[in-house]
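# Descriptive structure summary
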Amino acid sequence: MRPLYAVPLGIAATGAACVAYAAGYEVRSFRLRRVSVPVLPVGARPLRVLQLSDIHMVNGQGKKQQWLRDLAALRPDLVINTGDNLSDPEAVPQTLDALGPLLDFPGAYVFGSNDYYGPVPKSPTRYLGAMLTGDHGMNRADGTARRGVTGAIHNPWEELRDGFDRAGWLNLTNARGRLKIEDLDLDFAGVDDPHIRRDRYAEIAGGPDQAADVSIGVVHAPYLRVLDAFTADRYPLVLAGHTHGGQLCVPFYGALVTNCDIDRRRVKGLSRHSAGGQRSYLHVSAGCGTNRYTPIRFACPPEATLLTLTARER
């Protein structure tokens, strides 16, 4: 007869093995997701867009830094950075160095809360509780604001911004911008991070420039109020990050949390969003990092995405 303690010991051993795998291997098992999105004019050549998100750089993360440098070998036509580059106030030089080869390509960016503020330890149960209450970040389920950020470490985000700007990347912080890439005219609109209620969609409202070949909305956290606004304004594609793909997922089930008000089914990857009688493509990156206090991923490897924008069907 099996001893009574054998089952709990077996469960404990399995749990320990999962933690060891998640923290020791998967969190550094960087992947490249590839997707195609039909949003270009009929007859247009494909456009290759590399989306980076949630790098959460910490000093000493040499493998991540080298992987980011190596992405330049993809020779993307465009790089979009959807924020949360930092998880260490002293990691701006390492972040700019790792992204250095990619800064040679045309690009655009928005910031996330972790670019502005340093991380603090949080209980994982807090995220589960948020899925039940609907309160995320500084956002209450009823749409009102929660208390502001207090006692936080302020990151030197201005240095990161200046580095991106010197490279010629478009700053889409509650702003619009245009890029010409070969024969394609690209129109962009972005908002600051809705997770901490810095989004000001009214400053960019009005819809895409009809003279552009394609228009792209960019945001860090995919809150429904922003997705609804971009979609109702007829942006054909919206890019976001923030969710980490759920970070700790259950095999054959998926993410337990999204850390915002988007549904679990769309926590990462390409999907569709509907609002105001319109439909947009939405791509949410699972990101390639984690908060420095929770350096663990399970059934959700770190990633970047190479989106190939293709011509719409006739």
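Residues numbered from 1 in each chain as written. Predicted model: local features only at pLDDT ≥ 70, side-chain atom pairs only at ≥ 80, totals over all residues. Heavy atoms only, no water.

Moving on, we come to the side chain of Thr-82. As for its position among the elements, Thr-82 is in the loop between β3 (78–81) and α3 (92–99). For Thr-82, a relative accessible area of 0% gives the class buried. Setting aside residues no more than four positions away along its own chain, Thr-82 makes contact with Gln-51, Leu-52, Ser-53, Val-110, Val-218, Val-219, His-220, Leu-239, Ala-240 and Gly-241. (Helix = DSSP H or I, 4+ residues; strand = E, 2+ residues; numbered from the N terminus. Buried < 20%, exposed > 50% of the residue type's maximum accessible area, 1.4 Å probe, protein only. Contact = heavy atoms within 4.5 Å.)

Our next topic: helix α2 (residues 62–70). Those residues of α2 lying buried are Lys-64, Gln-65, Trp-67 and Leu-68. Relative to the axis of α2, the buried residues are bounded by an arc of 160 degrees and lie together on one face. Tucked into the core, α2 has its buried residues touching β1 (31–40), β2 (47–52), α3 and β14 (303–311). (Arc of directions from axis to C-beta.)

Here we come to the packing of α2 against α3. Helix-helix packing is described using two parameters, namely the angle between the two axes and the distance between the axes. For the pair α2 and α3, interaxial distance at closest approach is 7 Å and the crossing angle is 35 degrees. For the pair α2 and α3, contact is made by Gln-65, Leu-68 and Arg-69 and by Gln-94, Asp-97, Ala-98 and Leu-99, respectively. Per-class residue counts for the contact of α2 with α3 are three nonpolar, two polar and two charged. (Axes fitted to C-alpha atoms, helices over the stretch in contact; angles between N-to-C directions. Nonpolar A, V, L, I, M, F, W, Y, C, P; charged D, E, K, R; others polar.)

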